[in-house]
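Here is what each chain is made of, one letter per residue.
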Amino acid sequence: MFHNRAIISIVMGIMLLLVLSAPLLAQETPAYLNSDLSAEERAADLLARMSLEEKIGQMTQVEKNSLTPADVTEWLIGSVLSGGGGYPSPNTPEAWAAMVNGFQEAALGTPLAIPVIYGVDAVHGHNNVMGAVIFPQNVGLGATRNAELVGQTAEITAREMIATGIYWDFAPVVAVPQDIRWGRAYEGFGENTDLVTELSTAYLLGLQGESLSAPGSVLGTPKHFIGDGGTTWGSSRLGSAYMDQGETPVDEATLRERYLPPYISVIEHGAQSIMISFSSWGGLPMHAQSYLINDVLKGELGFTGFTISDWAGIDTISEDYYEAVVTAINAGVDMAMVPYDFERFISTMLEAVENGDITLERIDDAVSRILRVKFELGLFEHPFNDPALLPAVGSDEHRAVAREAVSQSLVLLKNEGEALPISPETQTVFVAGTAADDIGLQSGGWTIDWQGGAGNITEGTTILEALEAAVPETTAVHFNRFGRFENFRDDAGNPLIADVGIVVISEQPYAEYEGDDAVLALAETDWSAVERLRPLVNKLVVIVLSGRPVMINEAIMSADAVVAAWLPGTEGEGVSDVLLGIEPFTGRLPYTWPRDIEQLPFDFANLPTEGCDAPLFPFDYGLTYENSESSWVDLAIECAGG
Ligand code: GLC
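**Observations concerning the packing of aromatic side chains**
The tally for this structure, following the rule as stated, stands at 19 aromatic pairs. Look at F103 and Y118: their rings are 6.2 Å apart centre to centre, the planes differ by 40°, and that puts the pair in the tilted class. Here F103, found in helix α5 (residues 93–107), pairs with Y118, found in strand β3 (residues 117–120); they are 15 residues apart in sequence, far enough to count as distant. Like F103, the residue Y118 is buried in the burial classification. With 6.3 Å between their ring centres and 90° between their planes, Y242 and Y513 make a pair best called edge-to-face. Taken together, the residues span a long stretch of sequence, with Y242 in the loop between β5 (223–225) and α9 (252–259) and Y513 in the loop between β14 (498–506) and α18 (524–533) at a distance of 271 residues.

As C-alpha cells, this is what we get:
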C-alpha cells in the first residue's frame, strides 16, 4: 500500500513540475527556432522580435576584409562576403572554414543568434580556394550544350563550398552577351537566349537541388538583373573605353524577349536570390529601376526571394548617398553589398526610416525575404562547415567530372589532312606557346584572385603535362614556349622535322571591365611561335585559350588544325583526351566568331551567311573527327587572300 502511494506522489510531483515549467520551456524555445515550423512562420516570429537595428543589420552585407567577427556581433551584420580572391592566409580549405566559422560564431553571439549567410563568387568551381577543382568557364560549358554535365559541375562546386562553411554562391551569370568585346563574355553561356536559359537553370538546380533545405544545397544567385550582357561599347559609366556597366539600349519588348527568359526559368526552378546589375536601361541605373525590380521581377514574375545589390552598386545611383540608399531600397533592393563602410550604410538607413523616406513596411518586407531564405537553407540548424567534405575539395572524383567537361567544351574549327587525332605512331611532337604549360592561363579570371593570373597559381594539370603523360613511350614530346627548336637536328644534321607541332596561344586573364577589349588580338609572341613552328613540323595544330572568340585568321591560314579550348581550368587532360582521339570532338560554338573586329557588334537579325561579310564561323559551328570538311574554312582562306 505504502509503496503504491509513493509511486503516485512521485508521478504527481513530476506532472506538477512539467506544468509549472511548461511556460519556461516555451520561453526557452521561441517559435523561430522550431524547425518543424515553415520558413514563413519562423520568419514572422523572428521578425516580430527584432529591433530596427537588427532588421537593418540583416540587410547589410560586408566584405570580409572590412570588418572583424566582433563587428558582426556589435553591428548585427546579416551577411559577409569574400570578393574576388578574398581568401584567408594560408589559402587552404581548412583556413577558409576557420575564417567563415569565425564570423558565424560571432553572429550566433547576437541577442537573437541569427546566423550570417556568407557569399562568394564560385563561378567555375570554388575558384578562390587553392586546391579546389577549377571547371571550364561558362563559355566552355556553353560549348558542351550538356545541361546535365553543367548541373554536375555546380553540384560539385556546392559540395566544395559547404566543406568551407559557405552556403551562398553569386552564380550563375545568366547574361546573354551580345558583343564579345565585353570583359564578362566568358561568364555567359553564350549569345543565344534559349541556350542561356537552359544551362543557367541546370546550373542553379546543381547548386540548390530540388529544395534549398536538401543536404548539399547552397543558395544560387542568378545575375545580373537585367540586361548586363546587352550594353554597348563606349556606354560604360566607367568611361568610353569600356562597355561593362554600360547602357542596354533596347526597347522593353526586346529586353523581355532576349534577357528575361533566363530569369523566368530560374525563378520557376527555385531562385531565391538575384543580384542587380551595374548596367542601366533607359538611362536609369538598374539599382534604381523600381519598375523592373518591384513590378516585373517581384510582381509579374512572383519572385519571393531577396535581391542583392552588386558591389557598392547602390552608389551608382547618385553622388548623394542618402538619395542613393533611399532610391535603391524603395526600388526593391533588399540587401546591400556595401562592401566597405557598413557603418555609413546602417546610419543612413536608420536616418531614412526615422525620416519616413523608407517605411518600416519596406524594411519588414526585405528582412522577411532574407530570413525566409536563411530558414529554408537550414542555416539555423547547420550554421557551420561540414568538415566531412573537406577531403572532397579538389578530389580525383571531382577532377574527373571537370576533365569530362573540358573534353566536351572543345570546338574543332579546322582539321585538314587528318592532323588530328595525334596518332599513337607519332614519333616527335614539338609543343610551343606561352599557354601550353600554364594553369593560370588555362583558368582565366575569377581564379584564386579576382583577375586571375598567369603561372602555377593552383593545383592542376597543364596541357603540356597532360600530353607528356598521355602519349605512348615511343612518342617524344619537346617543349619550348617560343617555338625555338633550331637545335633539334636529324642524323644528317638538318633541322629535325617533327611529325606534329602544337602551339597553345591565349588571352591573358581578366575579369569584368578589365577585360573590355576593342581589338581581341592575341600577343605577338604567340603568333611568332606559330610562325617559327610551321616549317619545323608536318602537321601544325593551334589551340586557342580565350574567354571568347578572338582574331585567329593567321591560325586558320597556316595551321592544319585549329581548336577553340576556351578557358578549361585545371584539368588539362580533358584537352589531351580529345587531341589523342580518346574522346571525340562534340563542342559547338556558343558565340558567333568574327572574321575581323569591324564586324562587331553583330546585327544578329541580319547576319550575312556567305561572302566575306559573313562571320568567320557561325553560332553552333563545330567539326568532328568524322566530319571535318568545312566550307567556312574554305571561305576563311579565300577571304584572307589564301
Ligand atoms: C563584382 C561583380 C559581381 C560579383 C560581386 C562580388 O563586382 O559584378 O558579379 O558577384 O562583385 O564579388
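**Let's talk about the side chain of S79**
Its location among the elements puts S79 in strand β2 (residues 79–82). Look at S79 and you get buried, because its relative accessible area is 0%. Apart from residues lying up to four places away in sequence, S79 is in contact with T60, Q61, V62, V116, I117, W168 and M335.

**What about α9?**
Because an α-helix completes one turn every 3.6 residues, residues spaced three or four positions apart along the sequence face the same direction. Looking at α9, one finds that the buried residues are T254, L255 and Y259. Around the axis of α9, the buried residues are gathered within 105° of arc, so they sit on the same side. Away from the buried face of α9 by more than 90 degrees, exposed residues A253 and E257 are located. The inward-facing, buried residues of α9 abut α10 (261–268), β7 (280–281) and α11 (290–300).

**Digging into the state of the cysteines**
This model, assessed by the stated rule, comprises one disulfide. Across a sulfur-sulfur distance of 2.0 Å, C612 and C639 are joined as a disulfide pair. The disulfide joining C612 to C639 has a torsion of about -90° about its S-S bond and is therefore left-handed. Here C612, found in the loop between α20 (573–579) and α21 (631–639), pairs with C639, found in helix α21; they are 27 residues apart in sequence, far enough to count as distant. By relative accessible area, C612 is classed as partly exposed at 37%. The exposure class of C639 is partly exposed, given its relative accessible area of 22%.

**Looking at the site of the ligand**
Neighbouring residues of the ligand: 13 residues in total, closest D121, R184, K223, H224 and D310. Within the side chain of D121, one N or O atom sits 2.5 Å away from an oxygen atom of the ligand. H224 places a side-chain nitrogen or oxygen 2.7 Å from an oxygen atom of the ligand. Taking 310 Å² as the accessible area of the ligand by itself, protein coverage stands at 96%.

**Section: the environment of I162**
Along the polypeptide, I162 turns up in helix α7 (residues 147–162). Overall, I162 belongs to the buried group, its relative accessible area being 6%. Along the primary structure I162 and L389 are separated by 227 residues, whereas in three dimensions their C-alpha atoms are 7.3 Å apart. In this view, I162 contacts Y167, G216, S217, V218, N385, D386 and L389; residues no more than four positions away in its chain are not counted.

**Examining the sheet that holds strand β10 (residues 336–337)**
With parallel pairing, the five strands of this open sheet are ordered in space as β4-β3-β2-β1-β10. Both outer strands of the open sheet, β4 (168–169) and β10, are each paired with one neighbouring strand and no more. The sheet contact formed by β3 and β4 spans two bridges and is parallel. The residue of β4 that forms the bridge with G119 is W168.

**Comments concerning helix α13 (residues 342–355)**
Helix length check: α13 (14 residues) gives 20 Å between terminal C-alpha atoms against 20 Å at 1.5 Å per residue, within 8%. Along α13, the residues that are buried comprise F342, F345, I346, T348, M349, L350, A352 and V353. Here the buried face of α13 lies against α3 (52–58), β1 (60–63), α4 (69–75), α12 (321–331), β10 and α14 (360–377). Positioned one or two residues after α13, G356 has a phi angle of 80°, which is positive.

**Thoughts on the domain arrangement of the chain**
Assigned domains within the chain: domain 1 (42–392) and domain 2 (410–639). With centres defined by C-alpha atoms, the gap from domain 1 to domain 2 works out at 35 Å. Across the boundary between the two partners, domain 1 contributes 47 residues, which contact 43 residues of domain 2. Between domain 1 and domain 2 the total buried area reaches about 3,500 Å² when both faces are included, carbon and sulfur atoms providing 58% of it. Together, I180, R181 and E191 form the three largest contributors to the area buried by domain 1 at its contact with domain 2, with a combined 21%. Linking domain 1 with domain 2 are two salt bridges. Residues R184 and E512 are paired through a salt bridge, measuring 3.6 Å at the closest nitrogen-oxygen approach. Inspection of the region where domain 1 meets domain 2 yields 29 residue pairs in polar contact (both at pLDDT 80 or more). With four residues, helix α6 (residues 138–144) is the largest single contributor of residues to the side of domain 1 that touches domain 2. Partitioning the side of domain 1 that touches domain 2 into residue classes produces 23 nonpolar, 16 polar and eight charged.

**Describing the packing of α9 against α10**
Relative to each other, α9 and α10 sit at 50°, their axes nearing to 5 Å. In terms of their interaxial angle, α9 and α10 are classed as oblique. Seen from α9, the contacting residues are R256, E257, R258 and Y259; seen from α10, they are P261, P262 and Y263. Looking at the contact of α9 with α10, its residues break down into four nonpolar, no polar and three charged.

**As for the pattern of salt bridges**
Where charged atoms from two side chains of opposite charge approach closely, those side chains can pair. A full pass over the atoms with the stated rule returns 25 salt bridges. The partner of R49 in a salt bridge is D45, with the nearest N and O atoms 2.9 Å apart. On the criterion of helical spacing, the pair formed by R49 and D45 is a turn pair, its members being four residues apart in helix α2 (residues 39–49). For D45, a relative accessible area of 18% corresponds to the buried category.

Definitions and limits used
Residues numbered from 1 in each chain as written. Predicted model: local features only at pLDDT ≥ 70, side-chain atom pairs only at ≥ 80, totals over all residues. Heavy atoms only, no water. Phe/Tyr/Trp six-rings, centres within 6.5 Å; stacked < 30°, edge-to-face > 60°. Helix = DSSP H or I, 4+ residues; strand = E, 2+ residues; numbered from the N terminus. Buried < 20%, exposed > 50% of the residue type's maximum accessible area, 1.4 Å probe, protein only. Contact = heavy atoms within 4.5 Å. Arc of directions from axis to C-beta. Disulfide = S-S within 2.5 Å. Near = heavy atom within 4 Å. Polar contact = N/O pair within 3.5 Å; in protein donor to acceptor, adjacent residues only side chain to side chain. Areas by Shrake-Rupley, 256 points an atom, 1.4 Å probe, with all protein chains shown as cover. Pairing = 2+ DSSP bridges. Expected span 1.5 Å × (residues − 1). Domains from an automatic or database assignment. Buried area = accessible area lost by both parts, 1.4 Å probe. Salt bridge = Lys/Arg side-chain N within 4 Å of Asp/Glu carboxyl O. Nonpolar A, V, L, I, M, F, W, Y, C, P; charged D, E, K, R; others polar. Axes fitted to C-alpha atoms, helices over the stretch in contact; angles between N-to-C directions. Parallel < 35°, antiparallel > 145°, perpendicular 65-115°, else oblique.

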